[in-house]
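Descriptive analysis of the structure
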Amino acid sequence: MKALVLAGGSGTRLRPFSYSMPKQLVPIANKPVLAHVLQNIKNIGVTEIGVIVGDWAPEISDVMGYGAQCGTQVTYIRQDRPLGLAHCVDIARDFLGDDDFVMYLGDNMLPDGITAIADEFRANRPTAQVVVHKVADPRAFGVVELDSEGNVERLVEKPQQPRSDLALIGVYFFTSAIHEAVASIEPSARGELEITDAVQWLVAHGADVRASEYSGYWKDTGNVDDVLECNRHLLSRLRPDIAGDVDAVSQVDDQVVIGAGARIVRSRIEGPVIIGENTVIEDSHIGPHTSIGRDCVLTSSAVSDSIVLDRAEISGVQGLRSSLIGRDAKVGTGAWNTPHHRLVVGDFTRVEVAA
């Protein structure tokens, strides 16, 4: 089995971050979303991974590499324009060959893994197997309708009157039969080759198409609130690891990770919190549910329920929460009279907030 990971989206809902970095590289618990995806794929025993990339191809390959360090082989496949998920399958035809494969959206977080579903596909080997999750409002998703025996009967993209609450969550298992289906469909009204249309083609032609319900935690990290919620979930599983230096007057809770070279000076770290390597925190209160990247500097500040990316600096800011602070950003106090409890600050940005 091979894997096809889709990482070519533009991430408009994550602006201003997606102006300067691909959404798949936004860190959750100090690890890019795409790294979590590739780890899940490796955990099911798949080592040949094709990654569909767009304009952010150099940035993604620079961060993720080609898989040698983690025992996989990553091949990057360029998609010049976002023309649909089925189009991704089409342009990856040479890479996929006639092998079975798992297709996985590169901005989806499934921290409980997909091992059981992969084992189910291997054991039964249907023509296609889609992964679904019950949602409160299916109108924003591709929806799967099942027959009385639990087989896939119909797939509908973003129905206004859903007949099912089972949403497609961006993980699909396919045999090579999907290639004939992709070649047989036409672009949708929005000009894209829809994977739902390809799977529906298989259903219409009598193929064995099944659905597996995912019961674990799932989050599409498409906007800031979802990123922060997912970060909270992963941090709740932290195991303590103090590799950096903590001075005698600082207080550090049990559920805290502090990277090598980091220094905690006259501060309170209220877990769960993860702090990256070589970060310096002085006279500050951090946490809970906060991830701070590498080489950051936080001075005389209070930050909670937030993500701070590498090399950011925060000085003299109290009450910062539910925030996303970009790489190399600088946040400090000044004359700008605005509430500063929540901030979304892009990379390389300087912001002054009211003291």
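Not measured: the values here are computed from a predicted model.

Glancing now at the overall build of the protein. Scanning the protein from N- to C-terminus turns up 9 helices and 32 strands. Its C-alpha radius of gyration of 22 Å places the protein within 12% of the 20 Å reference for a compact globule of 355 residues. Each principal axis of the C-alpha atoms in the protein carries an extent, and together these give about 70 × 40 × 40 Å. Residue burial in the protein is summarised as follows: out of 355 residues, 54% are buried. Taking contacts inside the protein between residues at least 6 apart in sequence as the whole, the part at least 24 apart equals 48%. Carbon and sulfur atoms provide 44% of the accessible area of the protein, an area that totals close to 15,500 Å². Across the protein, the centroid of the 32 positively charged side chains sits 3 Å from that of the 48 negatively charged ones.

Turning our attention to the packing of aromatic side chains. Tallying each qualifying case throughout the model produces 5 aromatic pairs. Geometrically, the ring pair formed by Phe 101 and Phe 174 is tilted, given 5.5 Å between the ring centres and 50° between the ring planes. Note that Phe 101 is positioned in strand β6 (residues 101-105) and Phe 174 in strand β11 (residues 166-174), a separation of 73 residues in sequence. What makes Phe 101 buried here is its relative accessible area of 0%. Between Tyr 172 and Phe 174, the aromatic rings sit 5.9 Å apart at their centres with planes inclined by 10°, giving stacked as the arrangement. For Phe 174, a relative accessible area of 0% corresponds to the buried category.

With that settled, the discussion passes to unusual backbone geometry. Cis rather than trans, the peptide bond between Gly 271 and Pro 272 has omega equal to 5°. Among the secondary structure elements, Pro 272 is positioned in the loop between β19 (268-269) and β20 (273-275). Residue Pro 288 is reached from Gly 287 by a cis peptide bond, and omega for that bond is -5°. Examined against the element boundaries, Pro 288 turns out to sit in the loop between β22 (285-286) and β23 (290-292). One non-glycine residue, Asn 278, lies in the positive phi region at around 65°.

Let us now look at the side chain of Thr 72. Tracing the chain through its elements places Thr 72 in the loop between α3 (57-64) and β5 (73-78). We classify Thr 72 as buried; its relative accessible area is 9%. Beyond its immediate stretch of four places on either side in the chain, Thr 72 contacts Lys 42, Val 46, Thr 47, Ile 49, Tyr 66 and Gly 67.

This next bit is on the environment of Glu 59. Residue placement: Glu 59 occurs in helix α3. Sequence spacing of Glu 59 and Ala 207 is 148 residues, and the spatial spacing of their C-alpha atoms is 39 Å. Non-local contacts of Glu 59, meaning those with residues more than four positions away in its chain, are made with Pro 22 and Leu 25.

Let us now look at the sheet that holds strand β16 (residues 251-252). Spatially, the 5 strands line up as an open sheet ordered β16-β19-β22-β25-β28, and their pairing is parallel. Strands with a single pairing partner mark the edges of an open sheet, and in this sheet they are β16 and β28 (320-321). Across 2 bridges, the pairing between β19 and β22 is parallel. When the bridges of β22 are listed, Ile 269 appears paired with Ile 286.

This part takes up the sheet that holds β23. Pairing between sheet strands relies on hydrogen bonds along the backbone, with the strands arranged either parallel or antiparallel. Taken in spatial order, the 7 strands line up as β14-β17-β20-β23-β26-β29-β31 in an open sheet, and their pairing is parallel. Each edge of the open sheet carries a strand with a single partner, namely β14 (241-242) and β31 (344-345). With 2 bridges joining them, β14 and strand β17 (residues 256-258) adopt parallel strand pairing. Bridging across to β17, Ile 242 finds its partner in Ile 258. Contacts from helix α9 (residues 224-235) reach β20, β23, β26 (307-308), β29 (324-325) and β31 within the one sheet, and its direction differs from that of β23 by about 95°.

Bringing the pattern of salt bridges into the picture now. With the rule as written, the count across this model stands at 20 salt bridges. Here Arg 93 ties to Asp 98 by a salt bridge, and the two come within 3.4 Å at their closest N and O atoms. You can call Arg 93 partly exposed: its relative accessible area is 33%. Owing to a relative accessible area of 58%, Asp 98 belongs among the exposed residues under this scheme. Note that Arg 190 is salt-bridged to Glu 192, the shortest N-O span being 3.6 Å.

This part takes up helix α6 (residues 115-124). Among the residues of α6, those classed as buried are Ile 117, Ala 118 and Phe 121. All buried residues of α6 project into a common sector of 100° when viewed along the axis, lining one side. Exposed and facing more than 90 degrees away from the buried side of α6 are Ala 116 and Ala 123. Looking at the buried residues of α6, the elements they touch are β8 (128-134), β11 and β12 (209-213). Where α6 ends, the next residue or the one after it, Arg 125, has phi of about 45°, a positive value.

So, on to the side chain of Asp 107. In this structure, Asp 107 sits in the loop between β6 and β7 (108-109). Judged by relative accessible area, Asp 107 falls into the buried class, the value being 9%. Each residue touching Asp 107, except ones within four places of it in the same chain, is listed here: Lys 23, Gln 24, Val 33, Lys 219, Asp 220 and Thr 221.

Calculation notes
- Residues numbered from 1 in each chain as written.
- Predicted model: local features only at pLDDT ≥ 70, side-chain atom pairs only at ≥ 80, totals over all residues.
- Heavy atoms only, no water.
- Helix = DSSP H or I, 4+ residues; strand = E, 2+ residues; numbered from the N terminus.
- Rg over C-alpha atoms; globule rule 2.2 N^0.38 Å.
- Buried < 20%, exposed > 50% of the residue type's maximum accessible area, 1.4 Å probe, protein only.
- Contact = heavy atoms within 4.5 Å.
- Areas by Shrake-Rupley, 256 points an atom, 1.4 Å probe, with all protein chains shown as cover.
- Lys, Arg positive; Asp, Glu negative; His and termini not counted.
- Charge placed at Lys NZ, Arg CZ, Asp CG, Glu CD.
- Phe/Tyr/Trp six-rings, centres within 6.5 Å; stacked < 30°, edge-to-face > 60°.
- Pairing = 2+ DSSP bridges.
- Axes fitted to C-alpha atoms, helices over the stretch in contact; angles between N-to-C directions.
- Salt bridge = Lys/Arg side-chain N within 4 Å of Asp/Glu carboxyl O.
- Arc of directions from axis to C-beta.

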